[in-house]
Amino acid sequence: MKLFFSFLLMFFTWTASAQLAEEIEIKKVIDQLFTGMRSSDTALLAGAFAPGAILQTIMQKKDGSTVVRTDEVSAFISSIGKAHKEVYDERISYGNIEIDANLAAVWTPYQFFVGTTFSHCGVNSFQLVKLEGKWKIQYLIDTRRKDGCL
């Protein structure tokens, strides 16, 4: 019986350790995206995304209706890479990270600043895929609002 419980404890310890290691790697890729945004580094940005990745934003129109806007990853990277006076600073906190095999889902509430000026807030929902042993962002959808942020 002691052997069984020892084995069980080792199994759960190993599983928790493996999960933590995967979470660290997933966070590195997401952090790479935001470091690339702050530094306008297009190579860092491009390296965070999987081929064929999708970017979407859920927005409220002035008439109150909701729209989902889709952007090309290449256009996003190009716009961030263009010269701009202020740093684009998206400050995130990590919520849930769920992993199953080569799929991960990550929830990150954020506040976005242009330089030191608050712009908007919301939540990012990331879907990542593990390709050739590396986590990459396959899908990113976010919300954007100015109310109820700080």
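If you're wondering where the values come from, they're calculated on a predicted model, not measured in any experiment. (Residues numbered from 1 in each chain as written. Predicted model: local features only at pLDDT ≥ 70, side-chain atom pairs only at ≥ 80, totals over all residues. Heavy atoms only, no water.)

Trainee: I would appreciate a short explanation of helix α3 (residues 73–81) in the present structure.
Mentor: An α-helix turns once per 3.6 residues; consequently, residues spaced three or four apart project the same way. Those residues of α3 not exposed but buried are V73, I77 and I80. Relative to the axis of α3, the buried residues are bounded by an arc of 65° and lie together on one face. (Buried < 20%, exposed > 50% of the residue type's maximum accessible area, 1.4 Å probe, protein only. Helix = DSSP H or I, 4+ residues; strand = E, 2+ residues; numbered from the N terminus. Arc of directions from axis to C-beta.)

Trainee: Any chance you could explain the pattern of salt bridges here in plain terms?
Mentor: Close approach of charged atoms allows side chains with opposite charge to pair. Counting across every chain of the model gives six salt bridges. The partner of R69 in a salt bridge is D71, and the shortest N-O contact between them spans 3.1 Å. What makes R69 partly exposed here is its relative accessible area of 34%. Linked through salt bridges whose partners overlap, the residues forming this network are R38, D89 and R91. (Salt bridge = Lys/Arg side-chain N within 4 Å of Asp/Glu carboxyl O.)

Trainee: Even after reading the chapter, I still don't get the packing of aromatic side chains, so can you show me in this structure?
Mentor: What describes a pair of aromatic rings is the distance from one ring centre to the other and the angle between the planes of the rings. Enumeration according to the criterion identifies four aromatic pairs in this entry. Measuring from ring centre to ring centre gives 6.4 Å for F34 and F126, while their planes differ by 85°; the resulting arrangement is edge-to-face. Here the residue F34 occupies a position in helix α1 (residues 2–39), and F126 occupies one in strand β6 (residues 117–131), the gap between them amounting to 92 residues. Given the relative accessible area of 4%, F34 is considered buried. A residue is classified by how much of its surface remains accessible, and F126, at 0% relative accessible area, is buried. Taken together, a centroid distance of 6.4 Å and an interplanar angle of 80° make the contact between F49 and F76 edge-to-face. One end of the pair, F49, is in strand β1 (residues 49–60); the other, F76, is in helix α3, with 27 residues separating them in the sequence. Since its relative accessible area comes to 21%, F76 is described here as partly exposed. (Phe/Tyr/Trp six-rings, centres within 6.5 Å; stacked < 30°, edge-to-face > 60°.)

Trainee: It is not clear to me how the side chain of E90 should be interpreted in this structure. Could you clarify?
Mentor: Take E90: it is sitting in strand β3 (residues 88–92). For the buried E90, which has no salt bridge, the nearest side chain bearing the opposite charge is R144, at an N-O separation of 6.7 Å. A polar atom in the side chain of E90 sits 2.9 Å from the side chain of N124. Those residues in contact with E90 that sit more than four places away from it in its chain are F34, M37, R38, Y110, Q111, F112 and N124. (Lys, Arg positive; Asp, Glu negative; His and termini not counted. Polar contact = N/O pair within 3.5 Å; in protein donor to acceptor, adjacent residues only side chain to side chain. Contact = heavy atoms within 4.5 Å.)

Trainee: Any chance you could explain the pairing of strand β2 (residues 66–71) here in plain terms?
Mentor: Regular strands have side chains that alternate between both faces of the sheet. Where β1 lies against β2, six bridges are found, and the strand directions are antiparallel. Paired with M59 across the two strands is V67, which belongs to β2. Counting the residues between successive antiparallel strands, the hairpin from β1 to β2 contains five residues, one of them, G64, with a positive phi of roughly 95°. (Pairing = 2+ DSSP bridges.)

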